[in-house]
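# Coordinate inspection notes
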Amino acid sequence: MYATVGQTKATLNALFPTGGGILSPYLFAFYINDIIEDVRNSGFGIYIGSVFLGCILYADDILLHSGSCTGLQYMVNVCVQYGRQWDILFNPSKTQLITFGSSCPTTFRITFGQC
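Residues numbered from 1 in each chain as written. Predicted model: local features only at pLDDT ≥ 70, side-chain atom pairs only at ≥ 80, totals over all residues. Heavy atoms only, no water.

Secondary structure summary: the protein contains three helices and six strands in total. When the helices and strands of the protein are listed from N to C terminus, the series reads β-β-α-α-β-β-β-β-α. When each of the 115 residues of the protein is scored for burial, the buried share is 24%. When contacts within the protein are restricted to residue pairs at least 6 apart in sequence, those whose partners lie at least 24 apart make up 43%. When the accessible surface of the protein is totalled, it reaches about 8,700 Å², and 58% of it is carbon and sulfur. (Helix = DSSP H or I, 4+ residues; strand = E, 2+ residues; numbered from the N terminus. Buried < 20%, exposed > 50% of the residue type's maximum accessible area, 1.4 Å probe, protein only. Contact = heavy atoms within 4.5 Å. Areas by Shrake-Rupley, 256 points an atom, 1.4 Å probe, with all protein chains shown as cover.)

By the bridge criterion, four bridges tie strand S5 (residues 55-58) to strand S6 (residues 61-64) in an arrangement that is antiparallel. The partner of Tyr58 across the bridge, within S6, is Asp61. Taking the residues that link successive antiparallel strands as the turn, the S5-S6 hairpin has two residues, and the phi of Ala59 there is positive, at about 55°. (Pairing = 2+ DSSP bridges.)

One non-glycine residue with positive phi stands out, namely Asp87, at about 60°. Following the sequence through the fold, Asp87 ends up in the segment after helix H3 (69-86). Residue classification places Asp87 among the exposed positions, given a relative accessible area of 72%.

A separate point is the pattern of salt bridges. Close approach of charged atoms allows side chains with opposite charge to pair. Applying the stated criterion across every chain, the model contains one salt bridge. Glu37 is the partner of Arg40 in a salt bridge, and the nearest nitrogen-oxygen pair spans 2.6 Å. Of this pair, Arg40 and Glu37 both sit in helix H2 (residues 24-40), three residues apart, which is roughly one turn of that helix. On the accessibility criterion, Arg40 (30% relative accessible area) is partly exposed. Judged by relative accessible area, Glu37 falls into the partly exposed class, the value being 31%. (Salt bridge = Lys/Arg side-chain N within 4 Å of Asp/Glu carboxyl O.)

Turning our eyes to something else, we now look at a nonpolar patch on the surface. Taken together, the side chains of Ile22, Leu23, Tyr26 and Leu27 make up a nonpolar region of the molecular surface, amounting to roughly 470 Å² of accessible area. Mapped onto the elements, Leu23 comes out in the loop between helix H1 (12-15) and H2. (Patch = residues over 30% accessible without salt bridge, like charges linked within 9 Å, V, L, I, M, F, W, Y side chains within 5 Å.)

This is the structure we're talking about:
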């Protein structure tokens, strides 16, 4: 694929470095940063004091913390919607769920794509 910037025609790989490039982490952070805001604005997630810890990203991994199973499902829905908007696919087969306490039914399943 090609893109034109001003009078210059270049491949997208020339404009956006591939994984491992020195700018890759910064460009990815810029690209994905809004998902944190969207999840924070959902009203769900965990806070410690005024620090939002409901959505933590590292490389291409995302960790969602919620005080309820319903809240977690809502946060996943926010992420799926963000992915649809920006052409990002989340892989359910690489997804893990852990709950603490008994407020979540043992049959609870997170679903993708129901937003």
